[in-house]
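Coordinate inspection notes
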Amino acid sequence: LLYMFKGKNVLSAMFSGRAVKDFDIVGISLYYIGSYFNIVPFLFCCGLNPLFKDRNNGSPLIICGGGAVSSNPEPVSDFFDLLIIGNGETPLNDLIEFYGENRKRDKKDLLNGLNKVNASFYIPSLKKKEILYNEEKNIQKSILKAGDFITKPKNKVIELIRGCKYKCRFCQMGNIRRNFSVMPLDVVLKAINSYPNKSDCNIYPFAPDESSYPFYSEIYNNLGNRHLYRYNQRLDTFYKKDIVRYSNSDYRVSFGLDGLSQRIRNLIGKRITLNDIEGSLCKAFSLFDEIKLNLIFAFPFEKDKDWKEFEKFFNAILEIRRNSFPDRALQESENKEFNLNNIKNRALGEKPNSINKYKKGKKFVFISLAPTPFVADPHTPMQWFGMGEVNKSVRLITDIRLRLMQKYSMVKMEGLNSQESIEVEYMLKRGGKEFISVFIELAKRGIWNTGGMAGINRKFLGCCNLYGIDKNMYTRELGIDEPLNWDFIIPERGKSKLISGYKEMKKEIRNLEV
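For every chain, the first residue of its written sequence is number 1, and the numbers climb from 1 along that sequence. Local features in this predicted model are restricted to residues of pLDDT 70 or higher, and side-chain atom pairs are both shown and tallied only at a pLDDT of 80 or more, whereas totals for entire chains, interfaces and linings draw on every residue. Side-chain measures here rest on the full set of heavy atoms in the structure, leaving out hydrogens and waters.

Digging into the overall build of the protein
Helix and strand content of the protein: 18 helices and 14 strands. The cut-offs for exposure are 20% and 50% of the maximum accessible area for each residue type, with area from a 1.4 Å probe on protein chains only; residues under the lower value are buried, those over the upper are exposed, and the others partly exposed. A total of 514 residues make up the protein; the buried ones form 56% of that total. In what follows, residue pairs with any heavy atoms lying within 4.5 Å of each other are defined as contacts. Intrachain contacts of the protein at a sequence separation of at least 6 include 75% that bridge at least 24 residues. The Shrake-Rupley method, run with a 1.4 Å probe sphere, supplies the accessible areas, and residue values consider only the shown protein chains as cover. Put simply, the protein shows about 23,800 Å² of open surface, and 51% of that area lies on carbon and sulfur atoms. Numbering goes from the N terminus for both helices and strands, where a helix is a DSSP run of H or I of at least four residues and a strand is a run of E of at least two.

Take a look at the structure:
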């Protein structure tokens, strides 16, 4: 996008140099809500009208897919001729095959034909029908190997698992995405061995929960000189497995804490206990240089007692970490880079330069907290919940952070999302076609001449006010009888199951309060 706005009016393809508007099909991947702000500027710069109803037969077929639009496509639907809901492999092949055989047909006639090809196609120009979220039963054809086009060339992403066998109430993965598919080991090893056997080759085996993949030791044994990037681990399985730290694996490991207290974790269906947390963190202290804890907070049902439990338990974990490694505690007090003068840098999430020094020989183990305010996702039992007190929660966690960092030099905290960003996320996850005009207005105003995403969010909220859109209508708790913009994506039996989960959760909250 930065390239587009340097005076080049018509974007060209990366390899062929062909103008984008001269292609047959243009596909856009929208995995994150923030990507929505790119759509209209991109189409304008390609010389294409952003609205499907204003594009003629000579313009390419503009399609999109991805996680964000698969949960609620309505806020951006009028920009596209066709949207793929769910996994894209089979629908995309179906689309290309049908287009190749019918490319000379009138666009309206073509879209009418595509409407019958795959049940996951959502075509906004046609009468709305029930759309089935596509789930791939065979994920082997999706694995990336050397020679494939990879959007993140630094990390060679190799998919191990698709779907999740855990049914956390706040997460779409275990609700709408029901299939749990494991990539066969021979397919994974073939992909790994297609990449150069060099230490600067980063292999990133991706899975929502790496511990669920049954062949991790075989992956390690076939890495060669390549570097392994480790990421997602579960606190209830990590300490129970025979996991070792290999010299060519990443120095950091991440866990999902996902709740201030055990009460919160029980309510949201995160089936981990205090013993699981302690056991896995104590094991990780001896294996990794940095432990990242992803924390979801600012739930609308949080209480003061949840915050007190969080601070008390976190202090206890940090004491275990310090007392388990007295040589490292001495190291912390003697090394100038880890004294209180560095609190400001660590508060901003900056990594001290000496971390590499401690990767060899003595290690300094950081504990990095990554807090994210709760947002109610569509297609989950929590989709009706309203926004929590984000500003209050951010102040509370900031105060806890400062108290911890004054006492323990190994604590870091990553950046916090503002209330404005959470409000925008609620609006775009729950909204509909009323935002189409807002996106066009923002593009005309030059949305990228702002102070990053914070500036974009402020401009978006300002434009919504201009168009009479009240953010409070999106951040409030919704009624279970209200029509939802994404109801047409899942069958009624699916929604009934979510309603049951929501009612059960509300009952549990009332019982706990009593």
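The rest of the description comes next.
Details of the packing of helix 3 (residues 89–102) against helix 4 (residues 107–114)
For helices, the fitted axis covers only the stretch in contact; all axes are lines through C-alpha atoms, and the angles between them, taken along N-to-C directions, range from 0 to 180 degrees. At a closest axis distance of 11 Å, the pairing of helix 3 and helix 4 adopts a crossing angle of 140 degrees. With respect to their mutual orientation, helix 3 and helix 4 come out oblique. As for the relative orientation of helix 3 and helix 4, their crossing is right-handed in sense. In this structure, helix 3 contributes Leu95, Phe98, Tyr99 and Asn102 to the contact, and helix 4 contributes Leu110, Gly113 and Leu114. For this classification, the nonpolar set comprises Ala, Val, Leu, Ile, Met, Phe, Trp, Tyr, Cys and Pro, the charged set comprises Asp, Glu, Lys and Arg, and every other residue, Gly included, is treated as polar. For the contact of helix 3 with helix 4, the residue count by class is five nonpolar, two polar and no charged. Oblique is the label for every angle not falling under 35 degrees (roughly parallel), over 145 degrees (roughly antiparallel), or within 65 to 115 degrees (roughly perpendicular). Left-handed is the label given to a crossing in which the near helix is rotated counterclockwise from the far helix by less than a right angle, and right-handed is the label when the rotation is clockwise.

Details of the side chain of glutamate 136
One can find glutamate 136 in the loop between strand 4 (121–122) and strand 5 (155–159). Here a polar contact is recorded for every N or O atom pair within 3.5 Å, except that within protein the pair must consist of a potential hydrogen donor and a potential acceptor, and residues adjacent in sequence are included only if both atoms are side-chain atoms. At a separation of 3.0 Å, a polar atom in the side chain of glutamate 136 contacts the side chain of asparagine 134. Apart from the residues lying within four places of it in its own chain, the contact partners of glutamate 136 are Asn87, Glu89, Thr90, Pro91, Lys141, Arg162, Asn179 and Ser181.

So, the sheet that holds strand 3 (residues 82–84)
Here, strands pair whenever DSSP counts at least two bridges between them. One open sheet accounts for four strands, arranged 1-2-3-4; its pairing is mixed. In this open sheet, the two strands that pair with only one neighbour each are strand 1 (25–29) and strand 4. Strand direction decides the pairing type here: strand 1 and strand 2 (residues 61–65), joined by five bridges, are parallel. The residue bridging isoleucine 25 from the neighbouring strand is leucine 61, located in strand 2. Along the sheet, helix 3 makes contact with strand 1, strand 2, strand 3 and strand 4, crossing strand 2 at roughly 170 degrees.

Looking at unusual backbone geometry
Residue aspartate 258 is not a glycine yet carries a positive backbone phi of 55 degrees. With respect to the helices, strands and loops of the structure, aspartate 258 is situated in the loop between strand 11 (252–256) and helix 7 (262–267). For alanine 298, which is not glycine, the phi dihedral falls at a positive 65 degrees. With relative accessibility at 0%, the residue alanine 298 sits in the buried group.

Re the packing of aromatic side chains
Stacked, edge-to-face and tilted are the three classes for Phe, Tyr and Trp ring pairs, Trp counted by its six-membered ring, which pair at centre distances within 6.5 Å; planes under 30 degrees apart are stacked, over 60 edge-to-face, the rest tilted. Following the criterion strictly, the structure yields 23 aromatic pairs and no others. Considering the side-chain rings of phenylalanine 37 and phenylalanine 439, the 5.6 Å spacing of their centres and the 70 degrees angle between planes classify their relative orientation as edge-to-face. Pair noted here: phenylalanine 37 is in helix 1 (residues 36–45) and phenylalanine 439 is in helix 15 (residues 436–445), with a separation of 402 residues, a long-range link. Its relative accessible area of 3% is what places phenylalanine 37 among the buried residues. Judged by centre distance (6.5 Å) and plane angle (45 degrees), the ring pair of phenylalanine 238 and phenylalanine 288 falls under tilted.

Examining the environment of lysine 270
Its place among the elements puts lysine 270 in the loop between helix 7 and helix 8 (274–285). With near-sequence residues (within four places) excluded, lysine 270 lies in contact with Cys168, Arg234, Gly256, Leu257, Asp258 and Arg265. Polar side-chain contacts of lysine 270 include one of 3.0 Å to the side chain of aspartate 258.

Focus on the nonpolar core
To form a nonpolar core, buried Ala, Val, Leu, Ile, Met, Phe, Trp, Tyr and Cys residues must be joined to one another through side-chain atoms within 4.5 Å. Phe79, Phe80, Phe301, Phe435, Phe439 and Phe460 are the most contacted members of the largest nonpolar core, which totals 112 residues. When residues in this core are grouped by element, the largest group, seven residues, is from helix 1. Each residue touching phenylalanine 435, except ones within four places of it in the same chain, is listed here: Pro75, Met427, Leu428, Phe460, Cys464, Ile469 and Tyr474. In this structure, Leu160, Ile161, Val187 and Tyr213 belong to the second largest nonpolar core, which totals 22 residues.

Some points on helix 4
Of the positions making up helix 4, those classed as buried are Lys107, Leu110, Leu111, Gly113 and Leu114. Projected down its long axis, helix 4 shows its buried positions confined to an angular sector of 160 degrees, all on one face. Elements that come into contact with the buried residues of helix 4 comprise strand 2, strand 3, helix 3 and strand 4. The N-capping residue of helix 4, defined by a side-chain oxygen 2.9 Å from the backbone nitrogen of lysine 108, is aspartate 106. Note: the arc covers the axis-to-C-beta directions of the helix.

Topic: the pattern of salt bridges
A side chain with one charge can pair with a side chain of the opposite charge if their charged atoms come near. One side-chain nitrogen of Lys or Arg within 4 Å of one carboxyl oxygen of Asp or Glu is enough to make a salt bridge. Summed over all chains, the structure comprises 27 salt bridges. Residue aspartate 109 pairs with arginine 105 through a salt bridge whose shortest N-O separation is 3.1 Å. The partly exposed category is assigned to aspartate 109, whose relative accessible area is 37%. Among the ionic pairs, arginine 169 bridges to glutamate 504, the shortest N-O distance being 3.5 Å.

A closer look at the pairing of strand 11
Most of strand 11 sits out of view: five of its five residues are buried. For strand 10 (residues 232–233) and strand 11, the ladder comprises two bridges, and the chain directions are parallel. Directly across from glutamine 233, in strand 11, lies its bridge partner phenylalanine 255. Bridge count for strand 11 against strand 12 (residues 290–297) is five bridges, and the pairing is parallel. Each residue of the ladder has a partner; that of glycine 256, found in strand 12, is asparagine 294.

Some remarks on the sheet that holds strand 8 (residues 202–206)
If you trace the three strands from one edge of the open sheet to the other, you get 5-8-9, paired in parallel fashion. Lying at the two open borders of the sheet, with one neighbouring strand each, are strand 5 and strand 9 (227–228).

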